[in-house]
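Here is how the chains run, residue by residue.
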Amino acid sequence: MNAALHINEKDNVVTCLRALKKGEVIEVDGRSYTVNMDIPRFHKVATAAIAKGGMCYKYGEVIGDATQDIAPGDHVHVHNIESTRGRGDKRR
Amino acid sequence: MKIKAYRRPDGLYGIRNHLLVIPTSVCAADTAAKIAALVPGAVSIPNQHGCCQIGSDLALTQKTIVGFGKNPNVGAVLVVGLGCDGIQARNVAAELRETGKPVEFVVIQECGGTLKTIARGAELMAPMARDLSTQERVECDMGEIVMGLECGGSDPTSGIASNPTIGYASNKLIAEGGSSILSETTEVIGAEHLIAARFEDPAQRDKFLAQVKSVEDRAIAMGEDLRSGQPTPGNKEGGLSTIEEKSLGCMYKAGTAPFKGALDYAEIVPPEKRGMYFMDTPGQDIDSITGMVAGGAQLVIFSTGRGTPTGSPITPVIKITGNPDTYAKMPDNLDVNAGRIISDGARLEEIGEEVFGLMVDVCNGRQTKAESLGHHEFGIYKLTGTF
């Protein structure tokens, strides 16, 4: 089984098909990435740098924007990306 | 592809032969359940509404319970009303009689209380049960089937494995002349441009986009962050980070067929114009499935990553997971393991064919796991608070 699944060439994250350990090196589409932290199975790992405010792509589409700078190998989840939709809290 | 099903007087085909008890309001719900308990094979729906609702909200409750009675999986109906409730039993019965099915009604205040209503209800239902028991399945096309597509307790495997498998099976059903319904408007947010591009009719496309906008606007008008409810805590623990990510995975259920139309909640899928439809339902699974069953779905296929037990009082629900760990953990509830795509490198087509084969078997009478456990979840979408 591959360590991760890269769904669309535009994507800057891949889905881990097994749990990844900090320091582990994974290969995705012929390139190597060092995993920066433990990441649970089926969560996402960045394959490119995403600057704060930059868009995160999965399925070739925007799934949110970065709330902090994200480096390749970082776990990408609710702690560093957020939804851009349905945000009534931003209008308060 | 031919299946064997129950032909109804209105020309539709049911894959089950339920005797349904419909309470018109919450005030009649317990009495309805007591009547159903007396007649083997009868099932009642736990209606929590039907009184002190106004306008479109009241109309939606009536449309939903009438849709349940009209669903071709139902062979005969008893309607139970309190008498003073907002939805009147005799009106519901009159609407249902248009199908040509056997329909009776009882009213608690007219019968003279609980015990007399139960006695009268059981007296009316017992002959219906005997008549239904003599009805035989006849051959019809698989294309007579309307299938509701649902996902709940999603995780990232839903978008990778189980939803694309459902998309394969849905394409195949539509190629047979059948219909599928993509639902859950909340879980379209972020993927609406991809679905909108597949609508044939520009007016229906605009209606679809307005449905999605209306849900997003509702969260914004409340001054709330949609993230407080979507994705759910389980979605996030599984690895879904945002509603956009969840939606983009959800839409794989819809396969590749063009969309014929955008339906309102509980609106009946036009039998004369089969194909792929969208229905405006909430992301909450039970309310969503209830809307599609009211819209005529004789079969539901439900994708889950985290695992869920949901069934329906009158429609078989096939459960499929893309997560091999969840399949191993919840064998009581899950019918198909599409997680083999991830764990064993199984091909999507292989699991898709297995799912379609199971759909055919279920149409012919095979029980789903939710049916064999007696899961009868039911919930009506509300547009506003009760007055």
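Use the structure listed above.
In what follows, the accompanying structure is described. All values reported here derive from a predicted model rather than from experimental measurement.

### Here we look at the environment of N17(B)
All names here are of chain B.
Here's step 1: Note that N17 resides in the loop between β2 (13–14) and β3 (18–23).
Here's step 2: For the pair formed by N17 and S133, sequence separation is 116 residues and the distance between their alpha carbons is 8.5 Å.
Here's step 3: Ignoring any residue separated from it by four or fewer positions in sequence, one finds N17 in contact with Y6, R8, N73, G75, L132 and Q135.
Here's step 4: Side chain to side chain, N17 and R8 meet in a polar contact 2.9 Å long.
Here's step 5: Side-chain polar atoms of N17 contact the backbone oxygen of L132, separated by 3.1 Å.

### Some details on helix α14 (residues 348–363) of chain B
Residue and element names in this part refer to chain B.
Here's step 1: The terminal C-alpha atoms of α14 lie 22 Å apart, and with 16 residues this matches the ideal 22 Å at 1.5 Å per residue to within 8%.
Here's step 2: Among the residues making up α14, those that are buried are I351, G352, V355, F356, L358, M359, V360, V362 and C363.
Here's step 3: Downstream of α14 by one or two residues, G365 has phi in the positive range, about 125 degrees.

### Side note on the pairing of strand β8 (residues 146–151) of chain B
Residues and elements named next belong to chain B.
Here's step 1: Counting buried residues along β8, 6 of its 6 residues qualify, which places the element largely inside the surrounding structure.
Here's step 2: The side-chain alternation of β8 yields two buried faces, one formed by V146, G148 and E150 and the other by M147, L149 and C151.
Here's step 3: Pairing geometry for β8 and strand β9 (residues 179–182), over 4 bridges, is parallel. Directly across from G148, in β9, lies its bridge partner I181.
Here's step 4: For the handedness criterion, the β-α-β arrangement of β8, helix α6 (residues 156–175) and β9 is classed as right-handed.
Here's step 5: The sheet contact formed by β8 and strand β12 (residues 299–304) spans 5 bridges and is parallel.

### Here we look at helix α11 (residues 285–294) of chain B
Along an α-helix, residues three or four positions apart point the same way, because every turn accommodates 3.6 residues.
All names here are of chain B.
Here's step 1: Counting buried residues in α11 gives 9 out of 10 residues, a clear majority hidden from the surface.
Here's step 2: Of the positions making up α11, those classed as buried are D285, D287, S288, I289, T290, G291, M292, V293 and A294.
Here's step 3: Turning to α11, the residues buried within the fold contact α2 (55–70), β8, β9, β11 (276–279) and β12.
Here's step 4: Capping the start of α11, Q284 holds a side-chain oxygen 2.9 Å from the backbone nitrogen of I286, two or three residues further along.
Here's step 5: Positive phi shows up at G296, right after α11, with a value of about 105 degrees.

### Notes on the nonpolar core
Residue and element names in this part refer to chain B.
Here's step 1: By size, the foremost hydrophobic cluster in this structure holds 65 residues, and its most contacted members are M142, F208, L299 and M359.
Here's step 2: Considering every element that reaches this core, the biggest residue donor is α14, with 8 residues.
Here's step 3: Leaving out residues up to four positions away in the same chain, F208 has contacts with V188, E192, I195, A196, F199, A262 and F278.

### Focus on the pattern of salt bridges
Here's step 1: Applying the stated criterion to the full structure yields 24 salt bridges over all chains.
Here's step 2: In this structure, E353(B) and K172(B) form a salt bridge, with 2.9 Å as the shortest nitrogen-oxygen distance. Of this pair, E353(B) sits in helix α14 while K172(B) sits in helix α6, and the two are 181 residues apart along the sequence.
Here's step 3: When its relative accessible area of 35% is taken as the criterion, E353(B) is described as partly exposed.
Here's step 4: Measuring nitrogen to oxygen at the nearest pair gives 3.3 Å for the salt bridge that ties K246(B) to E187(B). With K246(B) in helix α10 (residues 243–250) and E187(B) in the loop between β9 and α7 (192–196), this pair connects stretches of sequence that are 59 residues apart. The same class applies to K246(B) and to E187(B), which are both buried.
Here's step 5: Several salt bridges converge on common partners, so that one network encompasses K44(A), K58(A) and E245(B).

### So, the side chain of Q230(B)
Here's step 1: By the secondary structure assignment, Q230(B) is in the loop between α8 (202–221) and α9 (233–238).
Here's step 2: Polar side-chain contacts of Q230(B) include one of 3.0 Å to the side chain of E187(B).

Procedures and definitions
- Residues numbered from 1 in each chain as written.
- Chains lettered and ligands numbered in written order.
- Predicted model: local features only at pLDDT ≥ 70, side-chain atom pairs only at ≥ 80, totals over all residues.
- Heavy atoms only, no water.
- Helix = DSSP H or I, 4+ residues; strand = E, 2+ residues; numbered from the N terminus.
- Contact = heavy atoms within 4.5 Å.
- Polar contact = N/O pair within 3.5 Å; in protein donor to acceptor, adjacent residues only side chain to side chain.
- Expected span 1.5 Å × (residues − 1).
- Buried < 20%, exposed > 50% of the residue type's maximum accessible area, 1.4 Å probe, protein only.
- Pairing = 2+ DSSP bridges.
- Right-handed = clockwise from strand over helix to strand, strands pointing away.
- Core = buried A, V, L, I, M, F, W, Y, C linked by side-chain atoms within 4.5 Å.
- Salt bridge = Lys/Arg side-chain N within 4 Å of Asp/Glu carboxyl O.

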